[in-house]
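Structure at a glance
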Amino acid sequence: MTVGIPFPQGALASPDHVRLLNEAGEEIPSQVTEVTSWAPADDSVKWIWVFFFTGEGSEYLLEYGPEVRRAPITGERLTVANSQREGGVSEITTGPLRLRIEKNDADDGQVGSGFLDAVYLDRNGDGFGPEDRVARGPDGRGSFLDLVDPNGPDSSRAVITQTFKEKGSGPLHTILRVEGRYLYDEDDHPPSPFTLRLHAYAGRSTIRVLHTITYTGDPDQHPPVDGQHALIATSTEDIVDEDSLAGDPRWTQPNDRIAGTGLNLQYDLDGPIRTTAPYRTGDWADPEPVQFYENPLDAATHLSIVQTGPAPASSRKPDSSPTERIDGFRASVVADSTRRVDATRAPGWMAVTGANAGIAVGIRHFVEEYPKEVSIRPSDTLATAYAWSPAAPPMQFARTDTSAHAGMVNNFAAGLTKTTEYVYSFHGAETSRAAIQQRMDTVLDPPVAHAPPSWYSESRVYGQMAPRSEENRAYERSLDLKFDWWLFNQQWEPWYGMFDYGDGKMYYFRDQWYGWENNEPATDFMWWLQFMRTGERSYYLTGEAQSRHSMDVDNIHWPTGPEYRGDTNPALDFFESREEPGPTPYLGMGRRHARQQWTALLSAHVWVPGWIASYYLSGSHRALDVAKTTGDYYLRRIFGDHGLTGRRLYLSVWNLTELWDATKDPAYAEELHDRVDRMLQLQREQGGNLTMDRYGYSQPYVARGLTKYLQMTGDEDVRRALTRHARWVRDNPPLNHEM
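No experiment lies behind these values; they were computed from the predicted model shown. (Residues numbered from 1 in each chain as written. Predicted model: local features only at pLDDT ≥ 70, side-chain atom pairs only at ≥ 80, totals over all residues. Heavy atoms only, no water.)

Its location among the elements puts Ser-652 in helix H10 (residues 646-663). Residue classification places Ser-652 among the buried positions, given a relative accessible area of 0%. In terms of polar contacts, Ser-652 uses its side chain to reach the backbone carbonyl oxygen of Leu-649, at 2.8 Å. In contact with Ser-652, not counting residues within four places along its chain, are Tyr-634 and Arg-675. (Helix = DSSP H or I, 4+ residues; strand = E, 2+ residues; numbered from the N terminus. Buried < 20%, exposed > 50% of the residue type's maximum accessible area, 1.4 Å probe, protein only. Polar contact = N/O pair within 3.5 Å; in protein donor to acceptor, adjacent residues only side chain to side chain. Contact = heavy atoms within 4.5 Å.)

Per the stated rule, a full pass over the model turns up 49 salt bridges. The salt bridge partner of Asp-268 is Arg-136, with a shortest N-O separation of 2.3 Å. A residue pair is termed long-range when its members are at least 10 positions apart, and Asp-268 in the loop between strand S18 (257-267) and strand S19 (273-279) and Arg-136 in strand S11 (residues 133-136) qualify at 132 residues. Here Arg-468 makes a salt bridge to Glu-536, at a shortest N to O gap of 3.2 Å. Of this pair, Arg-468 sits in the loop between helix H3 (453-459) and helix H4 (473-492) while Glu-536 sits in the loop between helix H5 (523-534) and helix H6 (537-553), and the two are 68 residues apart along the sequence. (Salt bridge = Lys/Arg side-chain N within 4 Å of Asp/Glu carboxyl O.)

A word on helix H8 (residues 609-618). Owing to its 3.6 residues per turn, the α-helix aligns residues three or four sequence positions apart on the same side. Counted residue by residue, H8 has ten buried out of ten residues, so it is predominantly covered. When H8 is considered as a whole, its buried residues turn out to be Pro-609, Gly-610, Trp-611, Ile-612, Ala-613, Ser-614, Tyr-615, Tyr-616, Leu-617 and Ser-618. Where H8 terminates, the next one or two residues include Gly-619, which has phi positive at roughly 75°.

A sheet is described by the order of its strands in space; here three strands give the open sequence S3-S2-S6, paired in antiparallel fashion. Unpaired on one side and paired on the other, strand S3 (27-28) and strand S6 (61-64) mark the two borders of the sheet. Summarising the sheet, strand S2 (residues 18-21) and S3 pair through two bridges and their orientation is antiparallel. Each residue of the ladder has a partner; that of Leu-20, found in S3, is Ile-28. (Pairing = 2+ DSSP bridges.)

With that settled, consider empty space enclosed by the protein. Within the structure shown, the criterion is met by six cavities of 30 Å³ or more. What the largest cavity holds in volume is close to 90 Å³. Ser-603, Tyr-633, Tyr-634, Arg-637, Ile-638, Phe-639, Gly-640, Gly-643, Leu-644, Arg-648 and Arg-675 are the residues that line the largest cavity. The residue makeup of the lining of the largest cavity, split by class, is five nonpolar, three polar and three charged. (1 Å grid on protein atoms, 1.4 Å probe; cavity = no way out; pocket = protein on both sides within 12 Å on 5 of 7 lines; lining within 4 Å. Points joined across faces, edges and corners; volume = space filled by probe spheres on them. Nonpolar A, V, L, I, M, F, W, Y, C, P; charged D, E, K, R; others polar.)

So, on to the packing of H6 against H8. In contact at an axis separation of 9 Å, H6 and H8 are set at 125° when each is read in the N-to-C sense. In terms of their interaxial angle, H6 and H8 are classed as oblique. Crossing hand, H6 versus H8: left-handed. When H6 is examined against H8, the residues Tyr-540, Ser-547, Ser-550 and Met-551 are found in contact with a partner set consisting of Gly-610, Trp-611, Ser-614, Leu-617 and Ser-618. Here the residues of the contact of H6 with H8 are counted per class, giving four nonpolar, five polar and no charged. (Axes fitted to C-alpha atoms, helices over the stretch in contact; angles between N-to-C directions. Parallel < 35°, antiparallel > 145°, perpendicular 65-115°, else oblique. Left-handed = near helix turned anticlockwise from the far one by under 90°.)

The next point concerns the environment of Lys-167. With respect to the secondary-structure elements, Lys-167 resides in the loop between strand S14 (157-165) and strand S15 (173-183). Using a relative accessible area of 34% as the deciding quantity, one classes Lys-167 as partly exposed. If near-sequence neighbours (up to four positions away) are discounted, Lys-167 is found in contact with Thr-33, Glu-34, Val-35, Trp-49, Ile-175, Tyr-615 and His-621. Here Val-35 takes part through its backbone oxygen, which lies 2.8 Å from a polar atom of the side chain of Lys-167.

The next point concerns the packing of aromatic side chains. The relation between two aromatic rings is expressed through the spacing of the ring centres and the mutual angle of the planes. The final tally for this structure, using the stated rule, is 44 aromatic pairs. Ring centres 6.1 Å apart and planes at 80° place the aromatic pair Phe-329 and Tyr-496 in the edge-to-face group. Taken as a pair, Phe-329 in the loop between strand S23 (303-308) and strand S24 (330-335) and Tyr-496 in the loop between H4 and strand S31 (505-508) lie far apart in primary sequence, 167 residues in all. Of the residues examined, Tyr-496 reaches a relative accessible area of 7% and is grouped as buried. One aromatic cluster is present, formed by Phe-483, Trp-486, Trp-495, Tyr-508, Trp-513, Trp-527 and Tyr-539 through successive ring pairs. Here Lys-46 stacks its cationic end above the ring of Trp-38, 4.3 Å away from the centre of that ring. Arg-325 extends its terminal NZ or CZ atom over the ring of Trp-284, reaching a point 5.4 Å from the ring centre. (Phe/Tyr/Trp six-rings, centres within 6.5 Å; stacked < 30°, edge-to-face > 60°. Lys NZ or Arg CZ within 6 Å of the ring centre and 35° of its normal.)

Within a regular strand, the side chains alternate between the two sheet faces. Burial within S24 is extensive, with five of its six residues counted as buried. Both S23 and S24 contribute to a ladder of six bridges, which runs antiparallel. Residue pairing in the sheet places Gln-307 in a bridge with Ala-331 of S24. Pairing geometry for S24 and strand S25 (residues 338-343), over five bridges, is antiparallel.

Okay, the sheet that holds strand S1 (residues 2-6) next. With antiparallel pairing, three strands are arranged side by side in an open sheet as S1-S5-S4. Taken across any chain shown, the strands that pair with only one partner, and hence form the sheet edges, are S1 and strand S4 (30-37). Neighbour-to-neighbour, the strand axes of this sheet turn through a mean angle of 25°, independent of strand direction. Bridge count for S1 against strand S5 (residues 45-52) is five bridges, and the pairing is antiparallel. Of the residues in S5, the one forming a bridge with Ile-5 is Ile-48.

Take the nonpolar core next. Of all hydrophobic cores here, the largest spans 92 residues; its most connected members are Ile-48, Tyr-462, Met-532, Met-679 and Leu-706. Per-element tally for this core: the top contributor is H10, with nine residues. Sequence-distant contacts of Met-679, defined by excluding residues within four places in its chain, comprise Leu-649, Tyr-650, Val-653, Leu-690, Val-702 and Leu-706. In this structure, Leu-269, Ala-335, Ile-359 and Ala-387 belong to the second largest nonpolar core, which totals 75 residues. (Core = buried A, V, L, I, M, F, W, Y, C linked by side-chain atoms within 4.5 Å.)

A few words on unusual backbone geometry. Cis peptide bonds are those with omega within 30 degrees of zero, and the linkage from Ala-39 to Pro-40 qualifies with 10°. Along the chain, the position of Pro-40 falls in the loop between S4 and S5. Note the cis peptide between Glu-520 and Pro-521, where omega equals -5°. In this fold, Pro-521 is placed in the loop between strand S32 (513-516) and H5. Located in the positive-phi region is Ala-406, a residue other than glycine, with phi close to 50°.

Honestly, that's just the spatial picture; any functional story needs more than this.
Here it is as structure tokens:
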């Protein structure tokens, strides 16, 4: 388990002065990482990640101070050998488990799988030999993103290009980041970037995998728009007439669709083979207890557990009525196209076990991010975890109508991403079903750790924040009602689906919800704050889901342009990388709320703070990566002075302050200082108001951004500016935004 813990300024000088005790007061092995400091105010530690293995107790004590020293780790430690050369091999050894990942080498014809190329399980404690191999990866198909267009299917081939260890890696827990791209046969299907983050644990034979895909297809049959939209124009040239684009039926006709995506492993198990798959019957929203389908598997049987739901491939899913919950969720155990079990929900895993060993494969949010599937195919010993199941219709990104969405007629689906979380557990043949289920539940239904709410408050990492208290019962009740109302609607409507889960709708009118939020205004950050105030597990899980959705689906991630890392010897590689096509100017910009998540853009529609909170509290590396992409978008200043005024300025200051705090990158600091100076100059021109009246609803951006900036820098000009602004808002309430 990884838990993010903040510290007050000056309280902790070094992450080495921290140790973890169990309920008996005994120190347990822990791995502590400094995440960020209080710099530039001082160099004391601001956030740490604490990784540890949970025991029987539910409470732990974190000791810190100048006299505290963590005991050396004496038990099992994992090792990582990571060769970054072309054709290099990465090897992770946890003790009982060894994983091998191979990069492609064009010179000698080496073809890696794009995931795990070999898995070894040391069942006897005598080291690893050929007989210990329990799985291998199919060439170029260990991970995949398959497309289909009007010309037919186009299966991907995976190529790994980079491997490196992420921050937070150590002797108990390592995170290996694997980057690559999917290649296609069709010339009009450009390479698609992907990322795998493999989490491995000392002494354990279970791994956690985060797989991020990028959709680079052409979503519909409308030709590319020739010109710029006024809302996101970077010049005065070639401005399109939105009315001329509306009404064209080709917007609604799908082109490149996702036929299937996921991970593959070929198992090396001695027979006879048996399978285990859990399922639940009854009402999908209130199902019966878990049951198990357990059967021997003969060489000819293709067995799957498939989870589907209402209209999986549609961007316009049916909703529940105010009084009747929608149906249509089905979990099926299918053997050679014959349904053996009809149920409503599947926990999301399947195990295949032979006479020597076994493998369990699971996918988190199996129901919420339907359609999903786990498949065992004995004919080629293939175990497949489908993030998008081919049992469902292909996922399409065409528009649902031809009218303007939020003032625009276009489709910006190309460049969205999606991250899916998997778990693989490798076990001995004698391992019980209960033990396998416990391993899978650790990832699929994870525990959540938190410090006392008062600790988050007293740390002041988010300024003045009161923990939940009986002293303000009416206020707390109103907050609880708002959060619980959102959760109720998410599960009642439900707001489910692979590219929808984590998002919510904005407007409720005539018994119907309309318009996806796309994270406005930093809704995921609200959930993270409420988690810290209360310690409620449901708030953590909702914040995590909202952050994951918004950073993936609601942002522009592609084309990225070249990225040079310097992990090769020829100097020519750098100059050749500069000749590659550049990025889209909108890289790192957010998608605007609309009827579909990918049909509108706006220059100020991306909220970084929740992603940074996710990075601090849950250890999400992807959250920081995407936040940095948005920070780089600000550095490019593609909108000229338009991007340095109004809500664009206010929101950018908040975003950049959080990003600078997390990275301490001087480039973000320089950009931020200039934008803060502009805000203060505009205040002088606006009679003491930091916001122009048009954007009075931007008060939270101003208050949050400048307060944290003041906390970091101690800038007295900013302190005085905030005081003047507070007086202005007190005397001139910003009642100026019509809704």
